Amino acid sequence: ETLIGMALDKYNGRLTLGQIDADTLLDVQDQLIAYYGFNSYVEIGYCFDNTKVRFQEAYKLLCTAVNCQAYAQGGIFKAYSDIAQSESKQQYTHRYKIMGSDTKSISDNREHDGVEIIYRNEKGEEKTVRRHLYGNNSYNPLKITLSGCFQESVATIRADREINIMKYQRYTYSFDSDALG
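All of these numbers come straight from a predicted model, not from anything done at the bench. (Residues numbered from 1 in each chain as written. Predicted model: local features only at pLDDT ≥ 70, side-chain atom pairs only at ≥ 80, totals over all residues. Heavy atoms only, no water.)

Student: Would you mind going over the overall build of the protein in detail, with residue names and values included?
Tutor: Scanning the protein from N- to C-terminus turns up four helices and seven strands. The secondary structure elements of the protein, listed N-terminal to C-terminal, are α-α-α-β-β-β-β-β-β-α-β. Projected onto its principal axes, the C-alpha coordinates of the protein cover approximately 50 × 45 × 35 Å. Looking at the protein residue by residue over its 181 residues, the buried ones come to 33%. Approximately 12200 Å² of the protein is accessible, and the part contributed by carbon and sulfur atoms is 46%. (Helix = DSSP H or I, 4+ residues; strand = E, 2+ residues; numbered from the N terminus. Buried < 20%, exposed > 50% of the residue type's maximum accessible area, 1.4 Å probe, protein only. Areas by Shrake-Rupley, 256 points an atom, 1.4 Å probe, with all protein chains shown as cover.)

Student: Got a sec to walk through the side chain of Thr-156? Specific residues and values, please.
Tutor: Tracing the backbone through its elements, the reader meets Thr-156 in helix H4 (residues 152-168). Those residues in contact with Thr-156 that lie beyond four places of it in its chain are Val-129 and Arg-131. (Contact = heavy atoms within 4.5 Å.)

Student: Which residues make up the side chain of Ser-101, and what are the values?
Tutor: With respect to the helices and strands, Ser-101 occurs in the loop between strand S2 (76-81) and strand S3 (103-106). A relative accessible area of 14% places Ser-101 in the buried class. In terms of polar contacts, Ser-101 uses its side chain to reach the backbone amide nitrogen of Asp-176, at 2.9 Å. (Polar contact = N/O pair within 3.5 Å; in protein donor to acceptor, adjacent residues only side chain to side chain.)

Student: Explain the nonpolar core residue by residue, including any values.
Tutor: One finds Leu-32, Tyr-59 and Ile-117 to be the most contacted residues of the largest nonpolar core, which totals 39 residues. If you list the elements that add at least two residues to this core, you get helix H1 (2-8), helix H2 (22-36), helix H3 (55-65), S2, strand S4 (114-120) and H4. Once residues within four sequence positions are removed from consideration, Leu-32 is found in contact with Gly-37, Tyr-41, Val-42, Val-66, Asn-67, Cys-68, Ser-81 and Ile-83. (Core = buried A, V, L, I, M, F, W, Y, C linked by side-chain atoms within 4.5 Å.)

Student: Outline the environment of Arg-131, supporting the account with residue identities and numerical values.
Tutor: Mapped onto the fold, Arg-131 is located in strand S5 (residues 126-132). Distance in space between the C-alpha atoms of Arg-131 and Asp-113 is 9.0 Å, their sequence separation being 18 residues. A polar atom in the side chain of Arg-131 sits 2.7 Å from the side chain of Asp-160.

Student: Pulling in residues and values, what's your account of the packing of aromatic side chains?
Tutor: According to the stated counting rule, one finds seven aromatic pairs in the structure shown. When the ring of Tyr-71 is compared with that of Tyr-80, the centres are 6.0 Å apart and the planes differ by 55°; the resulting orientation is tilted. Site record: aromatic cluster; members linked through ring pairs are Tyr-35, Tyr-36, Phe-38 and Tyr-41. (Phe/Tyr/Trp six-rings, centres within 6.5 Å; stacked < 30°, edge-to-face > 60°.)

Student: Please set out the sheet that holds S5 residue by residue, giving values where relevant.
Tutor: Pairing in this open sheet of three strands is mixed, and the strands run S5-S4-S6 from one edge to the other. Bordering the open sheet on either side are S5 and strand S6 (142-145), each of which pairs with just one other strand. Across the sheet, the axes of successive neighbouring strands diverge by a mean angle of 20°, strand direction being ignored. Pairing analysis gives four bridges linking S4 to S6, with the strands arranged parallel. (Pairing = 2+ DSSP bridges. Axes fitted to C-alpha atoms, helices over the stretch in contact; angles between N-to-C directions.)

Distances and angles like these do not, on their own, reveal function.
Structure follows, in structure tokens:
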């Protein structure tokens, strides 16, 4: 709802309903509430104190705060929730793949050994949520600033998510495509 309001604002987004996919944004909000189990997960807060921030940057910043991927397609602003899906939402057409170019590799070479999520609470104080991959310390943590986040619960969920990605996302699939792909 915040994204839609910001997009339609005559000073910030200056967009029309035809330039945003409001129905999808509301569906994404419902998906996030159902997945995480509480309404306040989608509450975002940010004070834009710089007049040089473009709408596209603000849109992406606020989507990132609640695990959404913002994008524009055909001049229409959209987003999708970055949560576990029962079926793939993004598929590549096999017609454009070059036969025999598929490769799958397993990597255990981790760049980071922890995560630090930096956010501001409702009082404006900078807070940090830390998670460690091995034990109680991290020597090279992934540092993420959630500018639109003001709740510890949301920052904690994001930190746990990033740690799980570090633990379990070890497979890389790649392939080549022709010029049309």
